[in-house]
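# Topology and contacts: notes
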Amino acid sequence: MARPIMTSAGYAMLLGAAVAAGLACGLAAKPAGAQSITQKAERDELAIVAKSDPVMAAAMGKARQTLPDFLGTAAAPKPGMEGFAVKVAIREGDNAEYFWITPFTDKDGAFSGAINNTPRAVRSVKLGQTITFGQSEIVDWMYMDGQTMKGNYTACALLKSASKQEQAEFKKRFGLDCDF
């Protein structure tokens, strides 16, 4: 079973060109005429990832492990930090679609915020709709620190299998520097 992972181009539109794509993982070789990962991110397209994908599982694990530090930073950001967002899944039967939530609030572990991607695979939510969720449902996080994107481990998971050229294009466009 595959699970769609949303990009965050809708997020980018709301926050400007500095904030962007929350891609996930696992694109196959690019067919002739296909677009780059950066172009797909800008168009808010889905990336399909197997539930058992070890790279994506590790990315989500790293995001969850570092979530307490992110939440502390989001609660008291330093100058130049903005665009704080978390990613959660919306499930309908066997389908799951992942959305960036921004802005979001944290009231003693009870979170709420606005869906910031156009739904493609699930129909129970709409762009801009406010949802509530628990900390355990957060699978990724990100924010901008000046021109540098922090977090967004799911995008790094997808970029891991991309060409060096696509990795460089993504880094230049969105300021995300993955450590691989």
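As a starting point, this report considers the structure included with it. It should be emphasised that the depicted structure is a prediction, and the values quoted were computed from it without experimental measurement.

Scanning the protein chain for helices and strands turns up 5 helices and 8 strands. Secondary structure elements of the protein chain, listed N to C terminal, follow the sequence β-α-α-β-α-β-β-β-β-β-β-α-α. In the protein chain, buried positions account for 48% of the 180 residues. For the protein chain, long-range pairs separated by at least 24 residues make up 62% of all intrachain contacts whose partners lie at least 6 apart in sequence.

Enumeration according to the criterion identifies 1 disulfide in this entry. The disulfide that involves Cys156 links it to Cys178, with 2.0 Å between the sulfurs. Between Cys156 and Cys178 the sulfur-sulfur dihedral comes to about -85°; the bridge is accordingly left-handed. Of the two residues, Cys156 is situated in helix H4 (residues 153-159) and Cys178 in the segment after helix H5 (164-174); the sequence distance between them amounts to 22 residues. Taken individually, Cys156 and Cys178 each receive the classification buried, so the pair is uniform in this respect.

Grouped together as the largest cluster of nonpolar side chains are 31 residues, with contacts concentrated most on Phe70, Val86, Ile101, Phe104, Ile131, Phe133 and Trp141. Sorting the residues of this core by element identifies helix H3 (54-75), strand E3 (81-92), strand E4 (95-107), strand E5 (110-115), strand E6 (130-134), strand E7 (138-145) and H4 as the ones contributing at least two each. Among the elements that take part in this core, H3 stands out by supplying 7 residues, more than any other. Filtering out sequence-adjacent residues up to four positions away, Phe104 remains in contact with Phe70, Leu71, Ala74, Phe84, Ala85, Val86, Phe111, Ser112 and Gly113. Of all hydrophobic cores here, the second largest spans 16 residues; its members include Trp100, Met149, Ala155 and Leu158.

The rules behind the values
Residues numbered from 1 in each chain as written. Predicted model: local features only at pLDDT ≥ 70, side-chain atom pairs only at ≥ 80, totals over all residues. Heavy atoms only, no water. Helix = DSSP H or I, 4+ residues; strand = E, 2+ residues; numbered from the N terminus. Buried < 20%, exposed > 50% of the residue type's maximum accessible area, 1.4 Å probe, protein only. Contact = heavy atoms within 4.5 Å. Disulfide = S-S within 2.5 Å. Core = buried A, V, L, I, M, F, W, Y, C linked by side-chain atoms within 4.5 Å.

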